[in-house]
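# Examining the three-dimensional arrangement
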Amino acid sequence: MPKTNGAGQATTITPEQMNTLLMAAPTPELRFAWQVMRFTGSRVTEMLRLS
């Protein structure tokens, strides 16, 4: 989806925020996917293409 206004930048989350996110994962599968993304630097679309 293209940007509409071009304002703003993406930000990264801190390691503490990532740990909080992992603890809140609703399923072990989702937690695993998030961990793979974290350690490989992949994006959501790249993870979705693996399935």
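That block above? That's the structure.
A short tour of the structure in this document, coming up. Because the structure is predicted, anything quoted here is derived from the model rather than measured.

In this section: the overall build of the chain. Helix and strand counts for the chain stand at three helices and zero strands. Written out in order from the N terminus, the α and β elements of the chain read α-α-α. Counting every position in the chain, which comprises 51 residues, the buried fraction comes to 16%.

With that settled, consider the nonpolar core. In this structure, M18, L22, A25, A33, W34, M37 and M47 together form the largest nonpolar core, which totals seven residues. Contributions of two or more residues to this core are made by α1 (15–23) and α2 (28–40). Among the elements that make up this core, the one with the highest residue count is α2 (three residues). If near-sequence neighbours (up to four positions away) are discounted, M18 is found in contact with I13, W34 and R38.

On to α2, then. Under the 1.5 Å per step criterion, the end-to-end length of α2 is 18 Å for 13 residues, consistent within 8% with the ideal 18 Å. When we look at burial in α2, the residues that qualify are A33, W34 and M37. Around the axis of α2, the buried residues are gathered within 95° of arc, so they sit on the same side. Counted as exposed and oriented over 90 degrees from the buried face of α2: P28, F32, F39 and T40. Tucked inside the fold, the buried residues of α2 contact α1 and α3 (44–50). G41 sits one or two residues past α2 and shows a positive phi near 75°.

This part takes up the environment of M37. Tracing the backbone shows M37 in helix α2. Residue classification places M37 among the buried residues on the basis of a relative accessible area of 17%. C-alpha of M37 to C-alpha of M47: the two residues are ten residues apart in sequence and 7.3 Å apart in space. Here M37 is in contact with S42, R43, V44 and M47, once residues within four sequence places are set aside.

What counts, and where the lines are drawn
- Residues numbered from 1 in each chain as written.
- Predicted model: local features only at pLDDT ≥ 70, side-chain atom pairs only at ≥ 80, totals over all residues.
- Heavy atoms only, no water.
- Helix = DSSP H or I, 4+ residues; strand = E, 2+ residues; numbered from the N terminus.
- Buried < 20%, exposed > 50% of the residue type's maximum accessible area, 1.4 Å probe, protein only.
- Core = buried A, V, L, I, M, F, W, Y, C linked by side-chain atoms within 4.5 Å.
- Contact = heavy atoms within 4.5 Å.
- Expected span 1.5 Å × (residues − 1).
- Arc of directions from axis to C-beta.

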